Amino acid sequence: MKEKVFNVSGMKCKHCVMTVTEAVTELDGVQSCDVNLEKGTVTVKFEDSLEESSITSAIKEEGFGVA
Ligand SMILES: [Cu+2]
C-alpha cells in the first residue's frame, strides 16, 4: 500500500471535492481518497499495482491541475 499527497489546483467548492473524490475512488486499487479543499491537497492510499500517473491523469481529466 502506498500513500501520496497530490497538490491539486482548481478545486473551489464541495462539488469539485466530490468530482475529484469520485474520479480517484473509481480507479482500481484505490483504498481511500481524502480531499482538503483549503490546502488544495488530495491524499490517496492505493495498492502498489496502481501507477501514480493513473491517479494524476484521472484528476486532470476532470479539469483540475496536478503539481
Ligand atoms: Cu467546485
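Draft legend 1. Quick look at the coordination of the copper ion. At this site the copper ion is bound by Cys13 (SG) and Cys16 (SG), with donor distances of 2.0 to 2.1 Å. Cysteine 13 sits in the partly exposed class, given a relative accessible area of 34%. Note on cysteine 16: relative accessible area 12%, which makes it buried.

Draft legend 2. Structural context of the nonpolar core. Core analysis: the biggest nonpolar cluster contains 18 residues, and Val42 and Val44 have the highest contact counts within it. Among the elements that line this core, the one with the most residues is helix 1 (residues 14-25), at four residues.

Draft legend 3. View of the pairing of strand 2 (residues 30-36). Here six bridges tie strand 2 to strand 3 (residues 41-46), and the two strands are oriented antiparallel to one another. Across the sheet, the residue bridging to valine 35 is valine 42, located in strand 3. Hairpin remark: strand 2 followed by strand 3, antiparallel, with four residues in the connecting loop; positive phi at glycine 40, about 70°.

Definitions and limits used
- Residues numbered from 1 in each chain as written.
- Predicted model: local features only at pLDDT ≥ 70, side-chain atom pairs only at ≥ 80, totals over all residues.
- Heavy atoms only, no water.
- Donors = N, O, S within 2.8 Å, 3.2 Å for Na, K, Ca; no water.
- Buried < 20%, exposed > 50% of the residue type's maximum accessible area, 1.4 Å probe, protein only.
- Core = buried A, V, L, I, M, F, W, Y, C linked by side-chain atoms within 4.5 Å.
- Helix = DSSP H or I, 4+ residues; strand = E, 2+ residues; numbered from the N terminus.
- Pairing = 2+ DSSP bridges.

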